[in-house]
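Okay, here's what each chain looks like letter by letter:
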Amino acid sequence: MKLKTLAWTTAATVATAAAGGVATDPRSSWYLKLRKPDWQPPAFAFPVVWTALYADLAVTSAAALDNAVELDRAADTPGPVRKDHSRELRAYRGALAANLVLNASWSWFFWRSRRPWLAAAEAAVLAASSADLVRRTYRLNRIAGASLAPYAAWCGFATVLSTAIARLNPARINPARP
């Protein structure tokens, strides 16, 4: 794996984490008053899990991108094979960028907008995007794709958790800010 690619994917995931982190406030009175399901993990689990998943996302994406670039270079003859690899590389970059934007957006919908149902819907889109990213990663690098699967699973779990919180708090969907 090339250091330059890893630096780029690491910077992108760190920016995503920072953008989401700016909006996140688990100590807000609004959040503390929300009813939560009994099966919600403890608060300390979220930064631990997300840190590991962001690191995984940076490394697996770098491995997939490097493999795609190598496949593109290996197809040194102009024609349909080279065009397919170039198209797949561009599509992967686009899918990764879209996923990172969706990832950061959830915090803004949930924490800043205080709209759990909107956050749950967005989390469902993020989970689908994450599953697609796992699929795309696997096509480019099987080990990286398999390694990225926990990210998609956690995004699916986040969808279920967000939906449960929204259901438990129908009257607190978007209370007026103090």
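Just so we're clear, the structure is a prediction, and the values are computed from it rather than from any experiment.

Caption draft 1: Structural context of the overall build of the protein chain. For the protein chain, the count of helices and strands is six helices and zero strands. Counted from the first residue to the last, the protein chain has its helices and strands arranged as α-α-α-α-α-α. Looking at the protein chain as a whole, 42% of its 178 residues qualify as buried. Total accessible area computed for the protein chain in this model is approximately 9600 Å², and 65% of it derives from carbon and sulfur atoms.

Caption draft 2: Representation of helix 1 (residues 3-23) within the structure. In a regular helix each residue adds 1.5 Å, so 21 residues correspond to 30 Å; helix 1 covers 30 Å between its end C-alpha atoms and thus fits that length. Every buried residue of helix 1 is accounted for by Thr5, Thr9, Ala12, Thr13, Thr16, Gly20 and Ala23. Buried positions in helix 1, seen along its axis, are confined to an arc of 90° and lie on one side of it. Exposed residues on helix 1 whose side chains face more than 90 degrees from its buried face are Leu3, Lys4, Val14 and Val22.

Caption draft 3: Geometry of helix 6 (residues 142-168). Between its first and last C-alpha, helix 6 extends 40 Å over 27 residues, near the 39 Å set by a 1.5 Å rise per residue. At Leu148, helix 6 shows its maximal bend, which comes to roughly 30°, and the proline Pro150 appears one to four places after that position.

Caption draft 4: Geometry of the packing of aromatic side chains. All told, the structure shown has ten aromatic pairs when counted by the stated rule. For the ring pair Trp50 and Tyr151, a centre distance of 6.2 Å and an interplane angle of 80° mean the geometry is edge-to-face. Of this pair, Trp50 sits in helix 3 (residues 45-74) while Tyr151 is found in helix 6, placing the two residues 101 residues apart along the sequence. Classification of Trp50 by relative accessible area gives buried; the value is 19%.

Caption draft 5: A look at unusual backbone geometry. With phi around 55°, Arg114 is a residue other than glycine that occupies positive phi space. Position of Arg114 among the secondary structure elements: in the loop between helix 4 (80-112) and helix 5 (116-140). Its relative accessible area of 11% is what places Arg114 among the buried residues.

Caption draft 6: Looking closely at the packing of helix 5 against helix 6. For the pair helix 5 and helix 6, the least separation of the axes is 8 Å and the interaxial angle reads 170°. One finds that helix 5 runs roughly antiparallel with respect to helix 6. Of the residues that constitute the contact of helix 5 with helix 6, the class distribution is 21 nonpolar, seven polar and two charged.

Caption draft 7: Structural detail: the UniProt feature "signal peptide" (unreviewed entry) in the protein chain. Taking the numbering used here, the UniProt-annotated feature "signal peptide" (unreviewed entry) corresponds to residues 1-17. Here residues 1-17 is 88% helix and 0% strand, with 23 Å between the C-alpha atoms at its ends.

Quick notes on the rules
Along each chain, residue indices are assigned from 1 in the same order as the chain's sequence is written. Per-residue local features of the predicted model are confined to residues with pLDDT of at least 70, and side-chain atom pairs are confined, for both listing and counting, to 80 or more; whole-chain, interface and lining totals are unaffected and use all residues. Neither water nor hydrogens contribute to the side-chain values; these are computed over all heavy atoms in the structure. Labels follow the DSSP assignment, with helices taken as runs of H or I lasting at least four residues and strands as runs of E lasting at least two, numbered in each case from the N terminus. For every residue, the accessible area (1.4 Å probe, protein chains only) is compared with the maximum for its type, and the residue is labelled buried under 20%, exposed over 50%, or partly exposed between those bounds. Accessibility throughout is a Shrake-Rupley quantity obtained with a 1.4 Å probe, and a residue counts as covered only by protein chains that appear here. In a helix, the anticipated span is given by 1.5 Å times the number of residues less one. Note: the arc covers the axis-to-C-beta directions of the helix. In this analysis the local bend is the angle between axes fitted, respectively, to the seven residues ending at and the seven residues starting at the residue. Ring pairs shown here join Phe, Tyr and Trp side chains whose ring centres sit within 6.5 Å, with only the six-membered ring taken for Trp; geometry is labelled stacked below 30 degrees between planes, edge-to-face above 60, and tilted in between. To define axes, lines are fitted to C-alpha atoms, for helices over the stretch in contact only, and angles between the resulting N-to-C directions are given on a 0 to 180 degree scale. Under this scheme an angle from 65 to 115 degrees is roughly perpendicular, one under 35 degrees roughly parallel, and one over 145 degrees roughly antiparallel; angles in between are oblique. For this classification, the nonpolar set comprises Ala, Val, Leu, Ile, Met, Phe, Trp, Tyr, Cys and Pro, the charged set comprises Asp, Glu, Lys and Arg, and every other residue, Gly included, is treated as polar. UniProt positions are given in the numbering used here, feature names are shortened, and annotations may be inferred rather than shown by experiment.

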